[in-house]
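Here is what each chain is made of, one letter per residue.
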Amino acid sequence: MIISEICSIPNYTKKYTMSSDLYDFLAKKYGKFYFINCHYLVDKKKITFNLKNFKNKKIFFFHPKSYSELNNFLKKNKIFLINNLSPKFYHLQIHLMLNKLNIHQVAFDNLGEMSSYKLENWDAVKIDKKIHFFYLKKISYIIYRILIFLKFIKPINKLFIARKDLLKKYRSRSNIFKIFFNTRYVNLHPIKPKFPINKKKDDIGTKFIVFLDQNVNHKDNTSRGYALKKNKQIEYFRKLQNYLIKLSKLSKKKPIICLHPSSSYKLYSKHIKNIKIVQFKTDYYILKSFIVIFHDSSSVTSAFFLNKRIINLKSDILGYYINKRSELYSRKVKLVTHNLNNYEDKINKKIFNLLKKNIKKQKLFLKKTFFTDDNYKNLNVAISEEINILTKSNS
C-alpha cells in the first residue's frame with residue numbers, strides 16, 4: 001500500500017517544513033511516502049522545491065501532467081490518501097476520480113494554528129476578492145456538499161482536528177447536513193496538536209531572545225494588497241533590529257531571528273546587522289528560548305506548549321491584515337503586546353516578571369482551545385492506526 005498525500009502546490013518548502021515530522025514518520029514506518037501533486041492539472045507555473053530540504057530518501061514525488069496519468073497511477077496502486085485538495089471548481093474532476101476509484105481518504109484541518117475565516121476571506125480583502133471568495137469558496141462549497149449527498153463525490157473517511165472550536169463548528173455543519181440529507185458528511189476525530197509538548201526538561205533552555213518572522217511580503221499579505229515597498233521594508237528591519245537589541249541588552253540573552261520558510265535570507269541579512277538569522281531551525285530555537293516574539297506565526301503555538309514567555313509585536317508598517325492576524329492571539333490570551341513605534345517605556349526589568357505571570361493565562365488558553373489531555377493521540381499515531389485498520393480490512 002502506498003501512503004500518500006494529494007495536493008496542488010507550486011512549492012514544497014512551507015508544506016514540508018510545517019509537517020516534516022509527520023511525513024518523515026510515515027516514510028520510515030511504511031517504507032516510502034508519496035506526494036501526489038496535481039498542480040500541473042490546474043496551473044502551468046513550474047513546481048519548485050529544494051531537494052536539500054528533503055533529507056529523507058524515502059519521500060517520493062509524483063507530478064501528473066494529465067488526468068489520465070493520475071488515474072492510471074491511482075488505479076494500479078493500493079492507496080491510503082491524505083486529501084489536501086480544497087473543494088474548489090478546478091479540483092472537481094480530481095474529487096470525482098477519487099470517488100470513482102473509491103479510495104480511502106483522511107484529512108486534517110488546522111493542527112494548532114489560530115485562524116479567522118472571516119478576516120482572511122472578507123474583512124482584509126477588496127471587493128474583487130470578496131466576489132472571488134463567493135465564487136471560488138462559498139458557491140463551490142455548496143455544490144460539493146450536494147455532490148457528496150448525490151454520491152458523486154466521496155466524503156473524507158476521517159477528519160482529524162486539534163482545535164475544540166473547529167470541532168464544534170464542523171459538528172454544527174454536519175448536523176445541518178444530516179437534517180437536510182439524513183446523513184453526516186464527515187467523520188470527525190479529535191487529536192492532540194502537532195507541536196512539541198513532550199520534550200525532556202534537559203532539552204529546554206533559556207539562552208535566546210527569539211523572533212519568529214512571518215515574511216514581510218508573505219503571499220497572504222501581498223495578495224490582499226498589503227505589499228511593502230523597499231523603503232518600508234528597510235524601515236521595518238531597522239525598527240525590528242533596534243527593538244531586539246534593546247531587549248537583548250536588558251535580558252543579557254542573544255537575539256535570534258527565525259526566518260519564515262518563504263523569506264529571503266539575503267534580504268534580511270543585508271538590512272539587519274549584529275543579530276543571528278537562521279532558517280529551518282525554528283523548533284530548536286523556540287525550545288532554547290527565554291522569550292519568543294512574534295507578529296503572526298503558526299510556530300508560536302510551540303512556545304505556548306513549552307510555557308515560554310511570549311510577546312505579541314505590532315507594527316503599522318506591516319499593514320491591516322498582519323496586525324489583525326496577530327490580534328487573534330492577543331485577544332484570546334491577552335498577551336503582553338509591544339508596538340515597534342512606541343515600546344521604550346515597556347522594556348524594563350518588570351517585563352520579565354510580567355511575562356512569567358502571563359504563562360498561567362497561556363496554560364488556560366491551551367486547555368480551552370486544544371485537545372491536550374492524555375486520552376487524545378497525536379496525528380502521527382492517529383493516522384498510523386487508521387492505516388493499520390485499512391490494511392487489515394483489505395487483507
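As a starting point, this report considers the structure included with it. (Residues numbered from 1 in each chain as written. Predicted model: local features only at pLDDT ≥ 70, side-chain atom pairs only at ≥ 80, totals over all residues. Heavy atoms only, no water.)

Remarks on the overall build of the chain
Here comes step 1: For the chain, the count of helices and strands is 15 helices and 13 strands.
Here comes step 2: For the chain, the proportion of its 395 residues judged to be buried stands at 51%.
Here comes step 3: A sequence separation of at least 24 residues applies to 76% of the contacts in the chain between residues at least 6 apart.
Here comes step 4: Of the roughly 20500 Å² that the chain leaves accessible, carbon and sulfur atoms contribute 53%. (Helix = DSSP H or I, 4+ residues; strand = E, 2+ residues; numbered from the N terminus. Buried < 20%, exposed > 50% of the residue type's maximum accessible area, 1.4 Å probe, protein only. Contact = heavy atoms within 4.5 Å. Areas by Shrake-Rupley, 256 points an atom, 1.4 Å probe, with all protein chains shown as cover.)

Digging into the nonpolar core
Here comes step 1: By size, the foremost hydrophobic cluster in this structure holds 32 residues, and its most contacted members are Tyr-236, Tyr-243, Leu-244, Ile-257, Ile-291 and Ile-293.
Here comes step 2: With six residues, the top contributor of residues to this core is helix α9 (residues 230-251).
Here comes step 3: Setting aside residues no more than four positions away along its own chain, Tyr-243 makes contact with Ile-293, Ile-311, Leu-313, His-338, Leu-340, Tyr-343 and Ile-347.
Here comes step 4: Residues Val-278, Val-292, Phe-304 and Leu-306 belong to the second largest nonpolar core, which totals 25 residues. (Core = buried A, V, L, I, M, F, W, Y, C linked by side-chain atoms within 4.5 Å.)

Quick look at the pattern of salt bridges
Here comes step 1: Under the criterion given, the structure shown has 10 salt bridges.
Here comes step 2: Note that Arg-163 is salt-bridged to Asp-165, the shortest N-O span being 2.7 Å.
Here comes step 3: Asp-165 gets classed as partly exposed once you look at its relative accessible area, which sits at 34%.
Here comes step 4: The residue Lys-232 makes a salt bridge to Glu-235 at a minimum N-O spacing of 3.5 Å. A residue pair is termed a helical-turn pair when its members lie 3 or 4 positions apart in one helix, as Lys-232 and Glu-235 do in helix α9 at three residues. (Salt bridge = Lys/Arg side-chain N within 4 Å of Asp/Glu carboxyl O.)

With respect to unusual backbone geometry
Here comes step 1: We note that Lys-151 has phi near 65°; this positive angle belongs to a residue other than glycine.
Here comes step 2: Judged by its relative accessible area of 67%, Lys-151 falls in the exposed class.

Let's talk about the sheet that holds strand β12 (residues 309-314)
Here comes step 1: Strand order in the open sheet formed by six strands is β10-β9-β8-β11-β12-β13, and the pairing between neighbours is parallel. Bordering the open sheet on either side are β10 (276-279) and β13 (336-339), each of which pairs with just one other strand. Neighbour to neighbour, the strand axes of the sheet diverge by 30° on average, direction disregarded.
Here comes step 2: Where β12 lies against β13, four bridges are found, and the strand directions are parallel. Across the sheet, residue Asn-312 finds its bridge partner in β13, namely Thr-337.
Here comes step 3: Here helix α13 (residues 320-333) sits on the sheet and contacts β11 (289-294), β12 and β13; the angle it forms with β12, its principal contact strand, is near 150°.
Here comes step 4: The sheet contacts of helix α14 (residues 350-369) involve β11, β12 and β13, and relative to β12 the element is tilted by about 100°. (Pairing = 2+ DSSP bridges. Axes fitted to C-alpha atoms, helices over the stretch in contact; angles between N-to-C directions.)

Topic: the environment of Leu-267
Here comes step 1: Mapped onto the fold, Leu-267 is located in helix α10 (residues 265-271).
Here comes step 2: Judged by its relative accessible area of 27%, Leu-267 is partly exposed.
Here comes step 3: For the pair Leu-267 and Gln-233, spaced 34 residues apart in the sequence, the C-alpha separation amounts to 9.5 Å.
Here comes step 4: The contacts of Leu-267, once residues within four sequence positions are left out, are Gln-233 and Phe-237.

Brief notes about α9
Here comes step 1: Look at α9: 32 Å from first C-alpha to last across 22 residues, which is about the 32 Å you get at 1.5 Å a residue.
Here comes step 2: When α9 is considered as a whole, its buried residues turn out to be Gln-233, Tyr-236, Phe-237, Lys-239, Leu-240, Gln-241, Tyr-243, Leu-244, Leu-247, Ser-248 and Ser-251.
Here comes step 3: Backbone geometry just downstream of α9 places Lys-252 in the positive-phi region, at approximately 60°. (Expected span 1.5 Å × (residues − 1).)

Remarks on helix α15 (residues 379-394)
Here comes step 1: The first and last C-alpha atoms of α15 sit 23 Å apart over 16 residues, in line with the 22 Å expected at 1.5 Å per residue.
Here comes step 2: Along α15, the positions that sit buried rather than exposed are Leu-379, Asn-380, Ala-382, Ile-383, Ser-384, Glu-386, Ile-387 and Leu-390.
Here comes step 3: Buried residues along α15 sit in contact with β1 (2-7), α1 (13-30), β4 (79-83), β5 (104-109) and β6 (158-161).

What about the packing of helix α3 (residues 67-76) against helix α4 (residues 92-100)?
Here comes step 1: At a minimum axis separation of 11 Å, α3 and α4 run at an interaxial angle of 25°. Taken as axis vectors, α3 and α4 run roughly parallel relative to one another. For the element pair α3 and α4, the recorded crossing hand is right-handed. Contact residues: α3 offers Tyr-67, Leu-70, Asn-71 and Leu-74, while α4 offers Gln-93, Ile-94, Met-97 and Leu-98.
Here comes step 2: Looking at side-chain class alone, the contact of α3 with α4 contains six nonpolar, two polar and no charged residues. (Parallel < 35°, antiparallel > 145°, perpendicular 65-115°, else oblique. Left-handed = near helix turned anticlockwise from the far one by under 90°. Nonpolar A, V, L, I, M, F, W, Y, C, P; charged D, E, K, R; others polar.)

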